[in-house]
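# Structural overview
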Amino acid sequence: MKRNIINSYLNMEIILRFCLVATVIVTMGPTIPSAAKPCQKKSFGGSSFVCVCNESYCDTVEAETTLTSNQFAVYSTSKSGDRLKKTVNEFQKASGAKLALFVNINKTKQTIIGFGGTFTDAAGMNIASLPGGAQTMLIESYFGVSGIEYTLGRIPIASNDMSTDVYSYDFTNGDTGLSKFTIDQTDHLYKIPYIDRAVSVSRHNVSLYGSPWAPPDWMKTNDNMAGYGTILPNMAKVYANYLARFLSEYEGFMSEGRMWGITAQSGPTRSCINTSEPVYQSLCWTAESMRDWIAKALKKSIIDNGYAHIKVFTMDDTRDVFKNWTDTFKDTQAEKDIDGFAIQGYQDDDFPPKYLCDVYNSHNGTQLLLGSEFCIRDQPVIDLGCWERGVTLARRLFQDLQNCFSGFTDYNLAVDLNGGPSWVNNTADSPIIVDHDNKQFYKQPMFYSMGQFSKFIPPGSIAVEVDSLEPVLLNNPTVAFKRTDGAIVVVIGNFENKSMNVEIEFDNSGQHAKFTMEADSISTVIWWP
């Protein structure tokens with residue numbers, strides 16, 4: 001397919017952009033914030049508000065500090081006004097609160113990989129449209145110690161629906177030896193620089209993984225990166241080499257980032273609709289065809305290229321097809337060749353989430369469950385300050401973490417005021433919205449919903465059991481974790497229109513963390529036993 005630039009985002013000077021990136025990287029680095037900078041609130045008439053950031057100011061999160069044995073901290077986000085606001089309280093005696101929780105660290109579940117977002121072309125183009133100082137603020141907000149500390153980053157392999165151009169890394173028809181393989185200039189402008197900057201400001205390892213939407217057109221049966229098509233039989237091995245080549249080439253260009261994993265295909269099942277849908281880049285795989293391809297080609301290519309350590313995830317599709325995929329891979333060579341199943345957060349309201357944990361436990365916890373994509377596509381596309389979308393995202397996080405997920409990846413790190421750019425107008429809302437005309441960006445309630453988890457549950461944390469004297473209601477979801485530094489973290493949602501008294505006991509210690517949650521709020525409780 002010929003390249004088809006459909007907007008002006010690419011009409012920037014490459015040299016100028018690289019100079020700007022190089023300058024910023026030198027000056028950036030993890031620093032521990034002092035007191036938190038408050039949100040600059042702005043209402044657009046929605047149910048809540050956004051926090052406005054520009055090149056000279058952006059709100060921050062107050063740092064964690066190790067507390068005394070009789071203290072605990074609470075970070076809260078609420079519809080009425082709080083945004084990751086920190087308070088410190090002292091333990092008290094039991095009093096019989098409405099929500100009484102018991103944390104049992106001896107009942108352990110999955111280990112956390114991390115939380116993060118996707119470095120789409122759209123995200124990079126929007127970040128690039130901001131002044132240098134605002135770019136720094138945005139990256140710090142997501143990945144830095146004064147922000148919500150993302151530790152996962154998904155990288156689309158070549159173009160996808162959130163690009164302005166359809167491109168692959170090898171346009172030369174029949175180049176089976178991949179001698180013309182080249183990482184596109186779009187990656188050099190809008191992905192790689194921001195990945196490096198994200199890694200450089202993080203105090204954690206940022207686990208980067210790639211996801212392909214489509215191979216070069218000449219490898220597909222329809223000779224088109226977009227639309228229905230399968231891999232040509234004589235191109236299966238070539239395509240495996242193409243993906244392995246991506247891993248090595250990308251690492252070669254990144255100064256900070258290192259590849260951690262790969263999903264074999266984004267949306268393989270929904271790409272098998274034998275019509276013009278989806279209209280964007282896709283490749284049809286059945287569970288059986290992908291199983292055989294991973295075992296016969298993909299895993300070997302990855303190992304042969306020196307990337308045996310790379311985590312390989314299959315499926316990368318919606319929960320409703322999960323059972324078919326796990327049944328297909330069970331007791332096969334491909335099951336040994338994969339590290340887990342990537343699951344996207346769409347079209348699954350009728351499928352019980354408990355099945356996810358049943359599968360995880362049937363594999364003795366050896367197959368990771370990775371949330372690989374989630375976004376809200378609704379009307380209006382962008383709903384600035386919408387509290388309800390923050391709740392939708394939080395509910396998804398609670399549900400996944402309650403059902404054995406080890407990681408969660410949101411989609412675009414940033415979109416514009418129209419939810420793009422997208423060459424097929426497949427626009428979406430995002431935790432951060434860039435207003436490039438006014439040289440600023442807006443943090444949505446969704447951003448802070450993510451932060452209630454990502455900021456306080458670092459990689460290596462282990463999910464533990466939370467019990468209650470009374471059934472926990474749908475509007476009061478709870479998850480708990482033990483971190484590698486010994487801290488206990490409990491995240492609680494109060495999605496009711498009235499306040500709620502909460503009481504948490506840790507492991508029969510007699511210590512009770514008591515506090516009141518505002519109506520329509522999320523709280524994260526931390527203490528060091």
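This structure is a prediction, so every number in the text was calculated from the model and none was measured.

On to the pattern of salt bridges. All chains considered together, the criterion is met by 20 salt bridges. Between E149 and R203 there is a salt bridge whose closest N-O contact spans 2.8 Å. Taken together, the residues span a long stretch of sequence, with E149 in the loop between α3 (132–143) and β7 (152–157) and R203 in the loop between α5 (192–201) and β8 (207–212) at a distance of 54 residues. The exposure class of R203 is partly exposed, given its relative accessible area of 45%. Notably, a salt bridge pairs D485 with R483, separated by 2.9 Å at the nearest N-O pair.

A word on the sheet that holds strand β18 (residues 478–482). The nine strands are arranged β4-β3-β22-β19-β18-β17-β5-β20-β21 in an open sheet whose pairing can be described as mixed. Edge positions in the sheet fall to β4 (85–90) and β21 (512–517), since each has one partner strand and no second. Each neighbouring strand pair of the sheet contributes to a mean axis angle of 30 degrees, computed without reference to strand direction. Note: strand β3 (residues 71–78) against strand β22 (residues 521–527), six bridges, orientation antiparallel. Looking at β22, one finds that V74 is bridged to V525. Helix α11 (residues 387–402) rests against β3, β5 (99–111), β18, β19 (488–494) and β22 of the sheet, and its axis sits at about 55 degrees to β18.

In total, this model carries four disulfides according to the counting rule given. Covalent S-S linkage joins C272 and C284, the inter-sulfur distance amounting to 2.0 Å. Disulfide C272-C284: torsion about the S-S bond near 95 degrees, hence right-handed. Of this pair, C272 sits in the loop between β9 (259–263) and α7 (287–304) while C284 sits in the loop between β9 and α7; the two residues are 12 residues apart in sequence, bridging distant segments of the chain. By relative accessible area, which is 9% here, C284 ends up buried. Taking only the cysteines that form disulfides and numbering them from first to last, the protein has the pattern 1-2, 3-4, 5-6, 7-8. Here C375 is not cross-linked by a disulfide; its sulfur's nearest cysteine counterpart is in C386, at 14 Å. Residue classification places C375 among the buried residues on the basis of a relative accessible area of 8%.

The next subject is the packing of aromatic side chains. Per the counting criterion, the structure on display carries 30 aromatic pairs. Ring geometry for F322 and Y355: centres 6.0 Å apart, planes at 80 degrees, overall edge-to-face. In this pair, F322 sits in helix α8 (residues 322–329) while Y355 sits in helix α10 (residues 354–362), placing the two residues 33 residues apart along the sequence. Consider the rings of F398 and F453, whose centres lie 5.0 Å apart with planes at 75 degrees: the pair is edge-to-face. One end of the pair, F398, is in helix α11; the other, F453, is in helix α12 (residues 445–454), and 55 residues separate them in sequence. You can call F398 buried: its relative accessible area is 1%. By relative accessible area, which is 0% here, F453 ends up buried. Three or more aromatic residues link up through ring pairs in this structure, and these residues are Y169, F181, Y239, Y242, F246, Y250, W285 and W293. Above the ring of F49, the side-chain terminus of R83 is found at 3.9 Å from the ring centroid.

Looking now at the pairing of β21. Bridge count for strand β20 (residues 500–506) against β21 is six bridges, and the pairing is antiparallel. Across the sheet, the residue bridging to E505 is H512, located in β21. Here β20 hands over to β21 after five residues, with D507 in that stretch at a positive phi of 50 degrees.

This part is about the sheet that holds strand β6 (residues 114–118). Strand order in the closed barrel made by the eight strands is β6-β7-β8-β9-β10-β11-β12-β13, with parallel pairing throughout. Taken over all neighbouring pairs, the strand axes of this sheet differ in orientation by 30 degrees on average, direction set aside. The sheet contacts of α7 involve β9 and β10 (311–318), and relative to β10 the element is tilted by about 145 degrees.

Looking now at the pairing of strand β17 (residues 462–468). Summarising the sheet, β5 and β17 pair through six bridges and their orientation is antiparallel. Each bridged residue has a counterpart across the sheet, and for L101 the counterpart in β17 is S468.

Rules and cut-offs
Residues numbered from 1 in each chain as written. Predicted model: local features only at pLDDT ≥ 70, side-chain atom pairs only at ≥ 80, totals over all residues. Heavy atoms only, no water. Salt bridge = Lys/Arg side-chain N within 4 Å of Asp/Glu carboxyl O. Helix = DSSP H or I, 4+ residues; strand = E, 2+ residues; numbered from the N terminus. Buried < 20%, exposed > 50% of the residue type's maximum accessible area, 1.4 Å probe, protein only. Pairing = 2+ DSSP bridges. Axes fitted to C-alpha atoms, helices over the stretch in contact; angles between N-to-C directions. Contact = heavy atoms within 4.5 Å. Disulfide = S-S within 2.5 Å. Phe/Tyr/Trp six-rings, centres within 6.5 Å; stacked < 30°, edge-to-face > 60°. Lys NZ or Arg CZ within 6 Å of the ring centre and 35° of its normal.

The values reported here are purely geometric and, on their own, carry no functional implication.
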